[in-house]
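# Overview (structure and organization)
Next come the chains, spelled out residue by residue.
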Amino acid sequence: MSIGLKKDTVVLEPHQEEWDIEGGNTCKKIKRILGDDIVDVQHVGSTSIKSICAKPIIDIAVAVKSFQDIMKHNEELSNNGIVYRKQDIPGQHLYRSGDLEHDIVTHFIHVVIYDCEAWHNYLNFRDYMNAHPEDAKAYDQLKRKLCSKYPGDRDLYLEGKKELITELLSKARQWREQ
């Protein structure tokens, strides 16, 4: 199974069923560690979208009532290979897993407050893309173009996706409301 990328590199692979299995297993692991201190945990991101290529890094969204609900588990999470990184976006804390000594990340765990916009964006985007193959294809094509243009610069790759992601999130919100 191919999971993990060295920091700052961009490599895309076709969807792999192993990503779904790993996403599910990681969600179970997080539920086991955090118990009632989480509201929900979901496999999200491109590895959860069946028809598109993805960087082989599993994204997990964890919903909590309060960030303190997860912070008190940081030592136990770290002992299980899930290391706190930082509050990367206001209102969102990031954890990661992998061979961190060699700068290889296999998982990003995004912790957000349940029912906030970020939580809905993660789920809406995944579900919309899985239900709308034409939009998924357009996103896939953009990702491939950006990957070939910026294979060693993840920041430029991510920046290049922002406009389309914003458009797709708007469509996903409208779709979810119907």
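What comes next concerns the included structure. (Residues numbered from 1 in each chain as written. Predicted model: local features only at pLDDT ≥ 70, side-chain atom pairs only at ≥ 80, totals over all residues. Heavy atoms only, no water.)

## What about the state of the cysteines?
What the rule picks out here adds up to zero disulfides. Note on Cys27: no disulfide assigned, nearest cysteine sulfur contributed by Cys116 at a separation of 17 Å. Owing to a relative accessible area of 8%, Cys27 belongs among the buried residues under this scheme. (Disulfide = S-S within 2.5 Å. Buried < 20%, exposed > 50% of the residue type's maximum accessible area, 1.4 Å probe, protein only.)

## Some thoughts on the pattern of salt bridges
Evaluation of the coordinates by the stated rule reveals seven salt bridges. Its salt-bridge partner being Lys50, residue Asp20 comes within 3.2 Å of it at the nearest N-O pair. Placement of the pair is Asp20 in helix 1 (residues 17-34) and Lys50 in the loop between strand 2 (40-44) and strand 3 (58-64), with a sequence separation of 30 residues. Linking Asp140 and Arg144 is a salt bridge whose minimum nitrogen-to-oxygen distance equals 2.6 Å. On the criterion of helical spacing, the pair formed by Asp140 and Arg144 is a turn pair, its members being four residues apart in helix 5 (residues 133-149). Judged by relative accessible area, Arg144 falls into the partly exposed class, the value being 46%. One connected set of salt bridges, linked through shared partners, spans Arg126, Asp127 and Arg176. (Salt bridge = Lys/Arg side-chain N within 4 Å of Asp/Glu carboxyl O. Helix = DSSP H or I, 4+ residues; strand = E, 2+ residues; numbered from the N terminus.)

## Things to note about the environment of Arg126
Note on placement: Arg126 falls in helix 4 (residues 117-131). For Arg126, a relative accessible area of 13% corresponds to the buried category. If sequence neighbours within four positions are ignored, Arg126 has contacts with Gln42, His43, Val44, Ser48 and Ile49. At 2.9 Å, the side chain of Arg126 and the side chain of Gln42 are in polar contact. (Contact = heavy atoms within 4.5 Å. Polar contact = N/O pair within 3.5 Å; in protein donor to acceptor, adjacent residues only side chain to side chain.)

Any functional reading would require information beyond the geometric quantities listed.
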